[in-house]
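Understanding the architecture of this molecule
Each chain, letter by letter, is given below.
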Amino acid sequence: MNCEYCKEQRNIIYDDGLILGFLDSNPYTKGHIVLIPKQHYTIMEQVPDEVIGNLFVVANKISAILFDVLKVNGTNVLINNGIDQEIPHMSLNIIPRDEKDNLNLSWEPKKADEDDLDVVLHNLKNALIEKKSVEIDKKPVKIQSSSWIDKTFNRIP
Amino acid sequence: MAKYTREELVEFQQKIKSLKQEDLSKLSPEELEKLQFLQCPFCQIIDGMIPSKIVYDDKECVAILDINPAIRGHILLLPKHHYLVGPQVPDKLMAHLGVVVKKLSKALMKALKVQGTKIVIANGQSAGQKANHFMIHLIPVESGTNFLNLERHDVNDKDLEEISQNLRIYISKIFGLNNVTEPPREIITDINNKKSKDNEEVDQINSIKEEVPLKILREKGYLYFLDSEGDISRVKMKKKGETKYPHEKVKILNIKREPNLLYYIDSDLNVKTRPMNRRGRPKGVKNKHKHKMSSLTNKVKSNNNISNKESDDNIREKSNLKRTSDGDLRSNNKNKNKSVDLDDIANLFT
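First, a word on scope: everything that follows refers to the structure included in this document. None of the values given here were measured: they were computed from a predicted structure. (Residues numbered from 1 in each chain as written. Chains lettered and ligands numbered in written order. Predicted model: local features only at pLDDT ≥ 70, side-chain atom pairs only at ≥ 80, totals over all residues.)

A closer look at the overall build of chain A
In terms of regular secondary structure, chain A is built from four helices and five strands. Starting at the N terminus and ending at the C terminus, chain A contains elements arranged as α-β-β-β-α-β-β-α-α. Counting only residues that meet the buried cut, chain A has 34% of its 157 residues in that class. The contacts of chain A with a sequence gap of at least 6 include a subset with a gap of at least 24, amounting to 59%. (Helix = DSSP H or I, 4+ residues; strand = E, 2+ residues; numbered from the N terminus. Buried ≥ 20, exposed ≤ 12 C-beta atoms within 10 Å, placed from the backbone. Contact = placed C-beta atoms within 7 Å.)

A short note on the packing of helix α2 (residues 49-69) of chain A against helix α6 (residues 157-175) of chain B
One can describe the packing of α2(A) onto α6(B) by two numbers: an axis separation of 11 Å at closest approach and a directional angle of 125°. Relative to α6(B), α2(A) is oriented oblique. α6(B) is crossed by α2(A), and the crossing has right-handed handedness. Contact residues: K61(A), I62(A), I65(A) and V69(A) in α2(A); N166(B), L167(B), Y170(B), I171(B) and I174(B) in α6(B). (Axes fitted to C-alpha atoms, helices over the stretch in contact; angles between N-to-C directions. Parallel < 35°, antiparallel > 145°, perpendicular 65-115°, else oblique. Left-handed = near helix turned anticlockwise from the far one by under 90°.)

A short note on the sheet that holds strand β2 (residues 61-65) of chain B
Pairing within the open sheet is antiparallel, and its 10 strands lie in the order β1(A)-β2(A)-β3(A)-β5(A)-β4(A)-β4(B)-β5(B)-β3(B)-β2(B)-β1(B). Of all strands in the sheet, those bounded by a partner on one side alone are β1 (12-15) of chain A together with β1 (54-57) of chain B. Pairs of neighbouring strands in the sheet enclose a mean axial angle of 20°, with direction left out of account. In this sheet, β2(B) lies alongside β1(B) in antiparallel orientation, the contact comprising three bridges. The partner of I54(B) across the bridge, within β2(B), is I64(B). Those strands touched by α6(B) are β1 and β2 (19-23) of chain A, and its axis lies near 30° from that of β1(A). (Pairing = 2+ DSSP bridges.)

Structural notes on the interface of chain A and chain B
Note: interface size is frequently given as the accessible area lost on complex formation between the parts. Facing 64 residues of chain A, the contacting portion of chain B comprises 66 residues. Those elements that place two or more of their residues in the side of chain A that touches chain B are β1, α2, β4 (74-81) and α3 (114-138) of chain A. For the side of chain A that touches chain B, the leading source of residues is α2(A), giving 15 residues. Considered class by class, the residues forming the side of chain A that touches chain B number 30 nonpolar, 19 polar and 15 charged. Taken together, the seven bridges between β4(A) and strand β4 (residues 116-123) of chain B define a ladder with antiparallel strand orientation. Within β4(B), the residue paired with N76(A) across the bridge is A122(B). (Nonpolar A, V, L, I, M, F, W, Y, C, P; charged D, E, K, R; others polar.)

What follows is the structure in structure tokens.
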């Protein structure tokens, strides 16, 4: 694989075997940290649950550290998942924030229709349920037969 | 189930209005919790006092649709307990939230047919946090929309190295094995004070950094245990057809064991103790079924104890030999034990 993040060796801050943390060389703000799972995954949906859990815990702890080390007033955690990803490797950005930096990480809230919200809710709930049924289907079904003929057939190499 | 009834809350609101600011500090913890509940709209949403569109609900967290979304399909993931900012959230809950985020973003991609999602956490007002309840935003983004596409800047390599060195010291201090039991906040303030006082002490901290390994979490495929010298060590788990792996020391503690306590290691590699389970029987009484065995083992112990005290060092050497050599010493030991057993059994019958 020709992935920049997999080869990353400069300015490494954190390494626990599963997760790697380093300073971004073209940062959003001063002290911008990138956390990645060491194994190559392109989007978050491919990453196993354990790694995702650890990733969030480590991000949370490091963002607490940034308050004291860089003396900032706030931190942002941002995941670009599937969009605006410059390097096709799932990554988590920790961005230290100050009131004076000109980073535009806010959005203008719109007013939504009640009906439209209901439609979205319905679709989302369906998507959540569908996923479950697919998971059940994927499990391999073992047919256990008690007859000795089947067993002997299985034994034959 | 609702935490508080509506009448109860109205009553409480009137009571607080009548109080002065000085009296607020005298409120009991239960009343403070009630006050917090009154002031946080998200706590009321979770409780069901304010109606909302709930996407996902489990024991620890709730996901709702934002009423004022940035983009259609904007989801807020909220922990059920009230936390102000991220650093207050305990690790276990944070890991759970991460897994739920993954599920929800998959659902968003499927339901709204968008190319990707953006996940945003804001800690602190200057980071754009508006509510007083910790939350994770999940925003579906279609390709072509220029949403939260941030500008990058160029920096000197020197600056980067400075920051990374600084951070590495703090991180190794906090995640490092030597300080796992201590609360992280206090360590940070300690270092800060030292740093401002002397430059020499910074060098000392640098030297500590080299000693402390960055590995913290348990690695997969290893068995962690408390060894005979009171230190934490680990062995790589054996698979079929592989030879045995040697023990590696992970953390030196020199814990002296006390009798009647079980020593064990928890998931964060802290050593903990608890009293041994005696299955509800008092100390002196022996179990019916194990009557013979227990008496035997006691006798063997009493025989060996005298010699043990005299030649502690020899036995340590032997135990070291046990690990290295393949089987000769072990088989000898087993035979010895067996011979003692047989003699004692003979004594019992006479």
